[in-house]
Amino acid sequence: MMYEKLAPWVRSVALATASTSIMLAVLIISAEEIPALKSWLKETFYHHWLGKSVLALGLFPIVGITFRLKRDALQLSTSIIIEAIVVIVSVCSIAGFFLLHILKIV
Amino acid sequence: MTTTLAALLIIHVLSGVVAIGMHNVVLMHLLKKAPNYVFVSRVAWSAVALFFLSWTTSAYYYVTYYGSAVKPRILAGATPVAHTFFMETKEHIFLLLPFVAISIALATTYLRANADGRLRKSTAFLTFIALTIGITVAASGILVSGSI
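Residues numbered from 1 in each chain as written. Chains lettered and ligands numbered in written order. Predicted model: local features only at pLDDT ≥ 70, side-chain atom pairs only at ≥ 80, totals over all residues.

> Help me understand the packing of helix α4 (residues 97–111) of chain B against helix α5 (residues 117–146) of chain B in this model?
Axis angle and axis distance: for two packed helices, these are the angle between their axes and the distance between the axes, and together they describe the pair. Residue and element names in this part refer to chain B. Axis separation between α4 and α5 bottoms out at 10 Å; the angle between their running directions is 155°. With respect to α5, the axis of α4 lies roughly antiparallel. Relative to α5, α4 is oriented so that their crossing is left-handed. Together, L97, V100, A101, S103, I104, A107, T108 and L111 of α4 and L119, R120, T123, L126, T127, A130, I133 and G134 of α5 make up the contact between the two elements. Taken together, the residues of the contact of α4 with α5 sort by class into 10 nonpolar, 5 polar and 1 charged. (Axes fitted to C-alpha atoms, helices over the stretch in contact; angles between N-to-C directions. Helix = DSSP H or I, 4+ residues; strand = E, 2+ residues; numbered from the N terminus. Parallel < 35°, antiparallel > 145°, perpendicular 65-115°, else oblique. Left-handed = near helix turned anticlockwise from the far one by under 90°. Contact = placed C-beta atoms within 7 Å. Nonpolar A, V, L, I, M, F, W, Y, C, P; charged D, E, K, R; others polar.)

Right, dumping it as structure tokens:
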């Protein structure tokens, strides 16, 4: 069955999404704190937001294929839970950073 | 605003809202013990397509118009926090959504032939997270639009 062959992809895409979430959170916060990084994103990709989008779109398939090639025994449900937790932490980090930023704490 | 930009903004909002609604449908079905996975996976893949449509249309509007014409008006208005917190957060956390949507769609497609109860529950949890992010992004969009 075609669907049974999807198992490694379900796992690798979950881990690729988690990795992309971490990269985005780090990149977004770093670009606000390091003006040179934000300038590089603007100069390279025309706009810093486009730069973040392009880097995420580039990283996602690379990490996905890398995890697909690895023989990982991680359960599918566990990989989805890991992804969900990483996404929650990434979103809270991004929102928390901008909240601290407007409060002039960072 | 040109007609093209207005059309892109409308497509961005509509496709995003419909995709969020589709994730709600996916979640409601995944909460059942024996969902119709053929239907659920089709809805989940449609949400993926709509999130990418919303992303591309918003990119053109955001890069060519928002920064120069909308952002200065918000910052000069009564609620600059609409940009400094809500828009900044919304534009960035949105970037995670299409990838999460792909993961949900793949998991529901796998479930069509492999009814795994644990995977169904964990995918329901992930869909709930995606739905929460989507609703937050949409609500922030309403706030940003209302502050001009």
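> Looking at this structure, I do not really get the interface of chain A and chain B. What am I missing?
Accessible area lost during the coming together of the parts is what is often quoted as the interface size. If you look at the interface, chain A gives 37 residues, while chain B gives 33 residues. Broken down by element, the side of chain A that touches chain B gets its largest block of residues, 15 residues, from helix α4 (residues 76–102) of chain A. Considering only residue class, the side of chain A that touches chain B consists of 27 nonpolar, 7 polar and 3 charged.

> I'm lost on the nonpolar core in this one. Help?
A47(B), L96(B), V100(B), A101(B) and I104(B) are the most contacted members of the largest nonpolar core, which has 59 residues in total. Elements supplying a minimum of two residues to this core: α1 (7–33), α3 (48–69) and α4 of chain A together with α1 (3–30), α2 (37–76), α4 and α5 of chain B. Those residues in contact with A101(B), other than ones at most four positions away along the chain, are A47(B), V48(B), F51(B) and A130(B). Counting residues in hydrophobic clusters, the runner-up holds 5 residues, among them I74(B), F86(B), M87(B) and V144(B). (Core = buried A, V, L, I, M, F, W, Y, C linked by C-beta atoms within 7 Å. Buried ≥ 20, exposed ≤ 12 C-beta atoms within 10 Å, placed from the backbone.)

> Before we go on, may I ask you to explain the confidence of the model for chain B in this structure?
For any part of a model where pLDDT is low, the fine detail of the predicted coordinates should not be relied upon. Residues and elements named next belong to chain B. Residues with a pLDDT of 70 or more make up 100% of chain B, whose mean pLDDT is 96. Between the elements of chain B, mean pLDDT differs from a low of 96, seen in α2, to a high of 98, seen in α4. This prediction of the complex comes with two scores: 0.96 for pTM and 0.95 for ipTM. (pLDDT = per-residue confidence, 0-100.)

> When you look at the packing of α2(B) against α4(B) in this model, what are you seeing that I'm missing?
All names here are of chain B. Two numbers describe how α2 lies on α4: the axes approach to 8 Å, and their chain directions differ by 165°. The pairing of α2 with α4 is recorded here as roughly antiparallel in orientation. For the pair α2 and α4, the crossing hand works out as left-handed. Judged by residue contacts, Y37, V40, S41, A44, W45, A47, V48, F51, F52 and W55 of α2 engage L97, P98, A101, I102, I104, A105, T108, T109 and L111 from α4. Classifying every residue of the contact of α2 with α4 by side-chain character gives 16 nonpolar, 3 polar and no charged.

> Is there a simple way to think about the environment of T66(A) in this case?
Residues and elements named next belong to chain A. Relative to the helices and strands, T66 resides in helix α3. C-beta crowding within 10 Å serves as the criterion here: with 13 such atoms nearby, T66 is assigned to the partly exposed category. The spacing of T66 and A16 is 50 residues in sequence and 8.8 Å in space, taken between C-alpha atoms.

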